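Next come the chains, spelled out residue by residue.
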Amino acid sequence: MLVQNLLNYALEYPLQFLGILTACLVTYFYLLYPFFLSPLRHIPGPALYRVSYLPILHKARTELRNELLHNLHKQYGPIVVISPSELSFNDHKYLKDIYIRNFPKSHFYNFGNFGQTNAFSMKDNVAHIERRKRMNPLYTKSYVFSQESQTILYEKVTKLTEDIYRTSITAETPDYTSAASPFNKLGKGYILGSGNWLQPKARNLGMEMYGTFSALAMDVVTSFELGPNCSTDFLSNKQDRQIVEAHRQQSSMWFYVTSIPSLWNIAASPAIKNASVAIKQWQYNLFRKAETMVLSEKSSPPSTLKTLLDFGLAGNDVYSELADHIFAGHETTGISLSYVAWELSRPVNLEIKARLHQEMVDVFGEPPKGDSSFSPPLDSLEVIDQLPYLEAFMQEILRVHAAIPGSEPRLVDRKYVAHVGGFEVEIPRQTIVSVQPWSMHRNSEVFAQPDKFMPERWLNQAGETLEAYKTRLHLQKKFMCPFGQGPKMCLGMNIAVLEMKLCVANLYWRFDSKICGDWCEVVSRENSKGEALMGVKHCGDLMTDEEKMIMVDAYTSRPLVDELWIEWYEWEKAGGNS
Ligand code: HEM
């Protein structure tokens, strides 16, 4: 009867009927449901974000999302509504629930390579575990300590050290090409229209380190993925590094790739489309060559390629996995090492650098001078891995400058109850839930002065009992997630950490570094803000090193201006260079 009456009314007064229907729907979806009916109504958060997906999408597109979430957690506490079906969490309890209990990945990971998904983008937990089981043995710490992989790391770090010596210290092969920055629109060379800003010097010339560290990371990761005979050699062949620039251009589209893939084609500039084509071609040639070699040799060295082929995977399935590891591995490691070099070159951190150098000298003796040898001290990665100050320093780099500071979204796929302000809230299935490393690493109840770079926070403090130190350290570690957590945490973590430690140990045992004074105004110890900032809105006129090294507010971050110019010196006793 009611339906019949409504139908009659709709036919007789169609416009009025449509108006009433729209008003009812708007009232339901924008008022009744989010504020009175939704199970998420008890969870705090701004009203606007509760009623629509658009505000949080807009924040991600304009690269303001991470900072927003950080501020929302400060205002509302450890659980916040950020869209009608998305929650952000900020406590180690939820880190455990979401990641260690292995909630599946959300549509954010809707990307693939060569038309196939890979471990990074698989949403089905069973398929993901199966794929990881095959690859995990090649990425364990004990495998990275094996002779084969130590040889890779030692060889690449030796090459990097020699490159720094010849490019910067003796200035035999200056880095004028990077100074011209033909691709990097925020690079000093691009802005000034030439590389002439870098004044020739007989020694200790500035050298671009973000590209150099990315080259190291690319050479290392391709050695592990394809085998040492098929890796790239970007440390030797600087002209080949253009493909690293192409990867950066492609990464700048992260929002479209993860959130609105259907708009990628419209949003991408011709330069980005060309970069994508160039990367695909480069990967294809690299992989085909390596595959032919593995298939034709009776015994080739261990590599991810060989492992996947041995397990019966073929063609684009294998290429997709390799492409993803190479992407994930070189970008993040290059970014982290750039922040290592920057922090150790800042006037405000002179004591930290001296302490790190002294730790190497205490263990390895005085470093060799000149070009007699560039290889890392001792042939034991295990010793370097155990150095306490180096460990504290790396923890602090990963805490303050996590290369992936953005949320890692998962889907609720089972009964999940959260406790909020006295309410037990059953979170509906398919709700997107995540933890943001940037905020976890800055919890002020766990990390005093959270934006300050202080490796000492990882060590036993004067006057602190051993028991109190252990308790504090345990809590700090519970909040750390630079590599994610659980079954889907970073596959390449051990490679990355040991590669970075070896690199830092060898460089700062031998060399001292300063921010290149031609590149920017170097903030003195007295004027330093002393805190790591995120997002373009803090960048001022981009004149100082602190402004240029602001971290981009994105899922994967990077230095805002995509470059870092450092002058290297042979270490003088008693810190004579600084
Ligand atoms: C400092 C260096 C690195 C950092 C900070 C880093 C960080 C991370 C993080 C946070 C994740 C989890 C992402 C998410 O769930 O959204 C991840 C996943 C991953 N990383 Fe790394 N990573 C680094 C180096 C590497 C290297 C060298 C490789 C080389 C193989 C690699 C391969 C991967 C892969 C394959 C995944 C996906 C794992 C899965 O879902 O099963 N990463 N990484």
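Per an unreviewed UniProt entry, the protein carries the name Cytochrome P450 and comes from Babjeviella inositovora NRRL Y-12698. Under the UniProt heading Cofactor (unreviewed entry), the entry covering the protein gives this text: "heme".

*Asks:* Whenever I open this one, the packing of helix H19 (residues 350-364) against helix H24 (residues 493-510) confuses me. Can you help?
*Replies:* Each pair of packed helices can be described by the angle between their axes along with the distance between the axes. One way to put it is that H19 packs onto H24 with a least axis distance of 9 Å and a crossing angle of 95 degrees. With respect to their mutual orientation, H19 and H24 come out roughly perpendicular. Between H19 and H24, the contacting residues are Lys353, Leu356, His357, Met360, Val361 and Phe364 on the first element and Val504, Ala505, Tyr508 and Trp509 on the second. When grouped by side-chain class, the residues that make up the contact of H19 with H24 number eight nonpolar, one polar and one charged.

*Asks:* Explain the UniProt feature "transmembrane region" (unreviewed entry) in the protein here, please?
*Replies:* When the UniProt feature table is mapped onto this chain numbering, "transmembrane region" (unreviewed entry) sits at residues 15-33. Note that residues 15-33 is 100% helix and 0% strand, and that its end C-alpha atoms are spaced 25 Å apart.

*Asks:* It is not clear to me how the environment of Ile432 should be interpreted in this structure. Could you clarify?
*Replies:* For Ile432, the location among the structural elements is in strand E7 (residues 432-435). The spatial distance from the C-alpha of Ile432 to the C-alpha of Val412 is 6.5 Å, given a sequence separation of 20 residues.

*Asks:* Can you help me understand the UniProt feature "binding site: heme" (unreviewed entry) in the protein in this one?
*Replies:* The residues that UniProt annotates with the feature "binding site: heme" (unreviewed entry) are Cys490. Assignment of secondary structure puts Cys490 in the loop between helix H23 (466-478) and H24. In this structure, Cys490 is in contact with Arg132 and Phe483, ignoring residues within four places of it in sequence.

*Asks:* So what exactly am I meant to see when it comes to the state of the cysteines here?
*Replies:* Defined simply, a disulfide is a covalent bond joining two cysteines at their sulfur atoms. One pass over the structure, following the stated rule, counts zero disulfides. Cysteine Cys481 shares no disulfide, and the gap to the nearest cysteine sulfur, in Cys490, comes to 13 Å. Cys516 takes part in no disulfide bond, and the closest cysteine sulfur to it belongs to Cys520, at a distance of 7.8 Å.

*Asks:* How should the pattern of salt bridges be read in this particular structure?
*Replies:* Working definition: two side chains of opposite charge can pair if their charged atoms are close together. Taken as a whole, this structure holds 33 salt bridges when the rule is applied. Measuring nitrogen to oxygen at the nearest pair gives 3.6 Å for the salt bridge that ties Lys201 to Glu567. Residue Lys201 is found in the loop between helix H11 (188-192) and strand E3 (206-208), and its partner Glu567 is found in strand E9 (residues 565-570); the two are separated by 366 residues along the sequence. Judged by its relative accessible area of 37%, Lys201 falls in the partly exposed class. Overall, the relative accessible area of 8% leaves Glu567 in the buried class. A single salt-bridge network, built from bridges that share partners, covers Lys141, Asp385, Glu391 and Lys501.

*Asks:* Would you mind showing me how to read the pairing of strand E1 (residues 79-83) here?
*Replies:* On any regular strand, side chains alternate: one points to one face of the sheet, the next to the other face. For E1, a buried count of five out of five residues is recorded, marking the element as mostly surrounded by other parts of the structure. Both E1 and strand E2 (residues 86-89) contribute to a ladder of four bridges, which runs antiparallel. Within E2, the residue paired with Val80 across the bridge is Ser88.

*Asks:* Help me out: how do you make sense of the site of the ligand in this one?
*Replies:* Around the ligand sit 30 residues, and of these Lys105, Tyr109, His128, Cys490 and Tyr555 come closest. For the ligand, an oxygen atom lies 2.4 Å from a polar atom in the side chain of Tyr109. Between the ligand and the protein, one listed contact pairs an oxygen atom with a side-chain N or O atom of Tyr555 at 2.6 Å. Per-element accounting of the shell around the ligand gives the leading share, seven residues, to helix H18 (residues 315-345).

*Asks:* What am I meant to see in the packing of helix H13 (residues 242-251) against helix H16 (residues 270-296) here?
*Replies:* Here H13 crosses H16 at 125 degrees, and the two axes come no closer than 9 Å. Taken as axis vectors, H13 and H16 run oblique relative to one another. Regarding H13 and H16, the two cross each other, and that crossing is left-handed. When H13 is examined against H16, the residues Ile243, Ala246, His247, Gln249 and Gln250 are found in contact with a partner set consisting of Ala271, Ile272, Ala275, Ser276, Ala278, Ile279, Trp282 and Gln283.

How each quantity is defined
- All residue numbers refer to position in the chain's written sequence, counted from 1.
- Predicted model: local features are reported for residues with pLDDT of at least 70 only, side-chain atom pairs are reported and counted for 80 or more only, and whole-chain, interface and lining totals are derived from all residues.
- Values reported for side chains reflect all heavy atoms of the structure, with hydrogen atoms and water molecules removed beforehand.
- UniProt positions are given in the numbering used here, feature names are shortened, and annotations may be inferred rather than shown by experiment.
- Interaxial angle, 0 to 180 degrees, is taken between N-to-C directions of lines fitted to C-alpha atoms, where a helix line uses only the stretch in contact.
- By the criteria applied, helices consist of DSSP H or I runs no shorter than four residues and strands consist of E runs no shorter than two, each listed in order from the N terminus.
- Throughout, the term roughly parallel applies to angles under 35 degrees, roughly antiparallel to angles over 145, roughly perpendicular to angles from 65 to 115, and oblique to all others.
- In this analysis, two residues are considered to be in contact whenever any of their non-hydrogen atoms come within 4.5 Å of each other.
- Three residue categories are used. Nonpolar comprises Ala, Val, Leu, Ile, Met, Phe, Trp, Tyr, Cys and Pro, charged comprises Asp, Glu, Lys and Arg, and polar comprises the others, including Gly.
- The criterion for a disulfide is a pair of cysteine sulfur atoms lying within 2.5 Å.
- By definition here, a salt bridge exists when the distance from a side-chain nitrogen of Lys or Arg to a carboxyl oxygen of Asp or Glu is within 4 Å.
- Partly exposed describes any residue whose relative accessible area lies between the buried limit of under 20% and the exposed limit of over 50%, with all areas from a 1.4 Å probe on protein chains only and scaled to the type maximum.
- By definition, two strands form a pair when at least two bridges between them are found by DSSP.
- Being near a molecule or strand, for a residue, comes down to having at least one heavy atom within 4 Å of it.
- Whenever a nitrogen or oxygen atom comes within 3.5 Å of another N or O atom, the pair is scored as a polar contact, on the condition that within protein one atom can donate a hydrogen and the other can accept it, and that pairs from neighbouring residues in sequence are kept only if both atoms are in side chains.
- Left-handed is the label given to a crossing in which the near helix is rotated counterclockwise from the far helix by less than a right angle, and right-handed is the label when the rotation is clockwise.

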